[in-house]
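# Secondary and tertiary structure notes
Take a look at the letters that make up each chain.
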Amino acid sequence: MAADNPPGQPRAEAPPGAVRTTSWRPTFHYELIGCGLRGHELLGTDVARIRPEDELVVREPGDGLRWHRCLRCDSWVPLPPPAAPSSEHLADRSEIQLPLRGRPLRDHYLLRLIALDRLVHFLVLGSLAVVVFLFVAKRAAYSDTFYRVMNAIQDALGGPEGFRGGGIVRDLIGAFAAKSSTLYLVGLALAGYAVLEGVEAVGLWLGKRWAEYLTFLATSLLLIPEVYELTGRITVTKIVTLVINLAVVAYLLFAKRLFGLRGGGRVEAEAHQRDTGWPALERTAPGASPSPS
């Protein structure tokens with residue numbers, strides 16, 4: 001059982017999910033998503049006594065229960081005191097690692113979602129690079145067999161005029177006819193692009209600012225050939241890929257304030273600081289004075 005606030009206690013700001021949205025657009029409460037996936041972040045569940053200075057995160061009103069405040073979503077959870085406490089009281093604030101919440105938590109999830117997309121690109125491009133290098137090494141051994149099969153198919157269909165290979169067949173013919181140096185360059189290009197996507201994935205997963213710039217620049221350059229491809233044959237895959245990359249570019253540029261946009265990194269750091277640390281918990285604690293948004 002969980003409650004949004006201890007009985008009789010006002011609060012300055014409503015916790016995530018407590019205010020019903022009036023817009024047609026869904027509101028993503030990332031704090032609730034995090035607690036749904038990993039459980040509440042509670043303190044004082046294993047301590048013998050609660051001190052007055054601990055009331056920011058845990059309270060003991062004397063009804064036989066302790067009210068523990070989730071450090072992520074601000075829900076208050078009533079639990080009985082521990083039968084066998086492992087420590088006398090809560091550790092000092094400097095020793096407690098607080099979970100992400102607010103804007104930093106939102107960015108954490110979105111950046112990792114982009115990182116997973118880049119990881120898929122890394123795996124696909126890396127696999128293609130390996131296939132190209134293996135093909136160059138074994139092409140001589142497969143060449144005779146490939147052309148014998150192609151000749152047999154053409155004879156069965158009435159000669160070259162009866163069989164006009166397209167798609168993957170045309171690509172295979174071109175691959176067997178290409179110079180080894182050309183194929184090596186293709187493989188190196190695929191491998192280099194895979195490494196770039198891998199670096200982006202790791203940097204975004206760790207929440208590095210440089211990775212945001214790198215991803216923005218790489219994705220923006222990739223939009224040029226993607227738009228050009230749509231001037232030819234249009235497919236659902238091409239459209240979905242373009243939409244995803246446009247969303248990534250827009251998010252990084254505007255929400256993450258790259259290149260000084262909307263105040264740049266300074267405003268970004270200030271916005272994140274407002275939602276993190278003990279001052280943020282104090283500002284949103286029950287009974288706290290409302291703070292300007």
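The rules behind these values
Residues numbered from 1 in each chain as written. Predicted model: local features only at pLDDT ≥ 70, side-chain atom pairs only at ≥ 80, totals over all residues. Heavy atoms only, no water. Helix = DSSP H or I, 4+ residues; strand = E, 2+ residues; numbered from the N terminus. Buried < 20%, exposed > 50% of the residue type's maximum accessible area, 1.4 Å probe, protein only. Contact = heavy atoms within 4.5 Å. Areas by Shrake-Rupley, 256 points an atom, 1.4 Å probe, with all protein chains shown as cover. Expected span 1.5 Å × (residues − 1). Core = buried A, V, L, I, M, F, W, Y, C linked by side-chain atoms within 4.5 Å. Pairing = 2+ DSSP bridges. Salt bridge = Lys/Arg side-chain N within 4 Å of Asp/Glu carboxyl O. pLDDT = per-residue confidence, 0-100. Phe/Tyr/Trp six-rings, centres within 6.5 Å; stacked < 30°, edge-to-face > 60°.

### Thoughts on the overall build of the protein chain
Each helix and strand in the protein chain was counted, giving eight helices and three strands. Along the chain direction, N to C, the helices and strands of the protein chain fall in the order α-β-β-β-α-α-α-α-α-α-α. Expressed as a percentage of its 293 residues, the buried residues of the protein chain come to 34%. Counted over contacts in the protein chain with a minimum sequence separation of 6, partners at least 24 positions apart contribute 68%. With an accessible surface of roughly 17,600 Å², the protein chain has 64% of that area assigned to carbon and sulfur atoms.

### What about helix α5 (residues 209-229)?
Across its 21 residues, α5 extends 31 Å between first and last C-alpha, which sits within 8% of the 30 Å expected from 1.5 Å per residue. Taken residue by residue, α5 has Ala211, Glu212, Thr215, Phe216, Ala218, Thr219, Leu223 and Glu226 as its buried positions.

### Section: the nonpolar core
One finds Leu111, Ile114, Leu204, Phe216, Tyr251, Leu252 and Leu258 to be the most contacted residues of the largest nonpolar core, which totals 15 residues. Looking at this core, the elements that each hand over two or more residues are α2 (102-156), α5 and α6 (236-255). At seven residues, the largest contribution of residues to this core is made by α6. Those residues in contact with Leu252, other than ones at most four positions away along the chain, are Leu111, Glu212, Thr215, Phe216, Arg257 and Leu258.

### Section: the environment of Trp278
Among the secondary structure elements, Trp278 is positioned in helix α8 (residues 277-283). The exposure class of Trp278 is buried, given its relative accessible area of 15%. Distance from Trp278 to Ser94, taken between C-alpha atoms, is 9.8 Å for residues 184 residues apart in sequence. In contact with Trp278, not counting residues within four places along its chain, are Leu43, Leu56, Val57, Arg93, Ile96 and Leu98.

### Examining the pairing of strand β2 (residues 66-69)
With burial as the criterion, each face of β2 is covered, one bearing Arg66 and His68 and the other bearing Trp67 and Arg69. Of the pairings in the sheet, the one linking strand β1 (residues 58-59) to β2 comprises two bridges and is antiparallel in character. Its bridge partner lying in β2, Arg59 is registered against Trp67. The hairpin formed by β1 and β2 contains six residues between the paired strands, and Gly62 there has a positive phi angle of roughly 100°. Pairing of β2 with strand β3 (residues 76-79) involves four bridges; the strand directions are antiparallel. Across the sheet, the residue bridging to Arg69 is Trp76, located in β3. The turn joining β2 and β3, which pair antiparallel and follow one another in sequence, is formed by six residues; a positive phi near 70° is taken by Asp74.

### Regarding the pattern of salt bridges
Using the criterion set out here, one finds 21 salt bridges in the structure. Note that Glu200 is salt-bridged to Arg118, the shortest N-O span being 3.1 Å. Here the residue Glu200 occupies a position in helix α4 (residues 180-205), and Arg118 occupies one in helix α2, the gap between them amounting to 82 residues. For the pair Glu200 and Arg118, a shared accessibility class is recorded, and that class is buried. Its salt-bridge partner being Lys238, residue Glu229 comes within 3.3 Å of it at the nearest N-O pair. Under the relative-accessibility criterion, Glu229 is labelled partly exposed at 41%.

### Structural notes on the side chain of Glu200
A residue is classified by how much of its surface remains accessible, and Glu200, at 0% relative accessible area, is buried. With near-sequence residues (within four places) excluded, Glu200 lies in contact with Arg118, Ala211, Leu214, Thr215 and Ala218.

### Points about the confidence of the model for the protein chain
In this model, the protein chain carries an average pLDDT of 84, and 83% of its residues clear a pLDDT of 70 or more. Low confidence marks residues 289-293, where pLDDT is under 50. Its contacts with residues over four positions away, or in another chain, come to eight contacts.

### Overview of the packing of aromatic side chains
For the structure on display, the rule yields five aromatic pairs. Ring centres of Phe133 and Tyr184 lie 6.2 Å apart, and the angle between their planes is 35°; on these two criteria the pair is classed as tilted. Highlighted residues: Phe133 in helix α2 and Tyr184 in helix α4, separated in sequence by 51 residues. By relative accessible area, Tyr184 is classed as partly exposed at 40%. By way of ring pairs, the aromatic residues Phe28, Tyr30 and Tyr109 are connected into one cluster.

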